[in-house]
Amino acid sequence: MQHQSMVDFENWAALYAATAACCVIAAMAAAIAVGVELYRERAWNEFSTARGAIGFLPRTWWRWQRRYLLATPMILMIVIAFGATLDW
């Protein structure tokens, strides 16, 4: 079995770092978008009933998940483009 060279290791580390940076940016953007949506809809009014209060966190989590997962194709395109520029 062949061992990786130091260049290969650095390239893989750079790819993982780029992916992590893109994911952090996407997570923050999704959180801000959901926060703005909740503010515009005045979502805190749902706490007037027990059913609304219980369902608030799952609904908010699902909103965030949808926003975050919509960024997945763009993250993949950015990371693939970055990986194509590396010297393998």
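Just above sits the structure.
Let me begin by describing the structure that accompanies this report. (Residues numbered from 1 in each chain as written. Predicted model: local features only at pLDDT ≥ 70, side-chain atom pairs only at ≥ 80, totals over all residues. Heavy atoms only, no water.)

Brief notes about the side chain of N11
Turning to step 1, where the next piece is worked out: Counting through the fold element by element, N11 comes out in helix 1 (residues 6–41).
Turning to step 2, where the next piece is worked out: Here N11 is in contact with L86, D87 and W88, once residues within four sequence places are set aside. (Helix = DSSP H or I, 4+ residues; strand = E, 2+ residues; numbered from the N terminus. Contact = heavy atoms within 4.5 Å.)

Overview of the environment of I80
Turning to step 1, where the next piece is worked out: Its place among the elements puts I80 in helix 3 (residues 72–85).
Turning to step 2, where the next piece is worked out: Given the relative accessible area of 60%, I80 is considered exposed.
Turning to step 3, where the next piece is worked out: Placed 65 residues apart in sequence, I80 and L15 show a C-alpha to C-alpha distance of 8.7 Å. (Buried < 20%, exposed > 50% of the residue type's maximum accessible area, 1.4 Å probe, protein only.)

Regarding helix 3
Turning to step 1, where the next piece is worked out: Here helix 3 spans 20 Å end to end across 14 residues, near enough to the 20 Å set by a 1.5 Å rise per residue.
Turning to step 2, where the next piece is worked out: Those residues of helix 3 lying buried are I75, V79 and G83. Along the axis of helix 3, the buried residues cluster in a sector spanning 65 degrees; they form a single face. Seen from the open side of helix 3, the exposed residues pointing more than 90 degrees away from its buried face are M77, I80, A84 and T85.
Turning to step 3, where the next piece is worked out: Summarising the contacts, the buried residues of helix 3 are in contact with helix 1. (Expected span 1.5 Å × (residues − 1). Arc of directions from axis to C-beta.)

What about the nonpolar core?
Turning to step 1, where the next piece is worked out: Judged by nonpolar contacts, the single largest core of 14 residues is most densely connected at A26, L38, W64, Y68 and I75.
Turning to step 2, where the next piece is worked out: Looking at this core, the elements that each hand over two or more residues are helix 1, helix 2 (50–70) and helix 3.
Turning to step 3, where the next piece is worked out: Residue contributions to this core peak at 6 residues, all from helix 1.
Turning to step 4, where the next piece is worked out: If we ignore the near neighbours within four places in the chain, the residues touching I75 are C22, C23 and A26. (Core = buried A, V, L, I, M, F, W, Y, C linked by side-chain atoms within 4.5 Å.)

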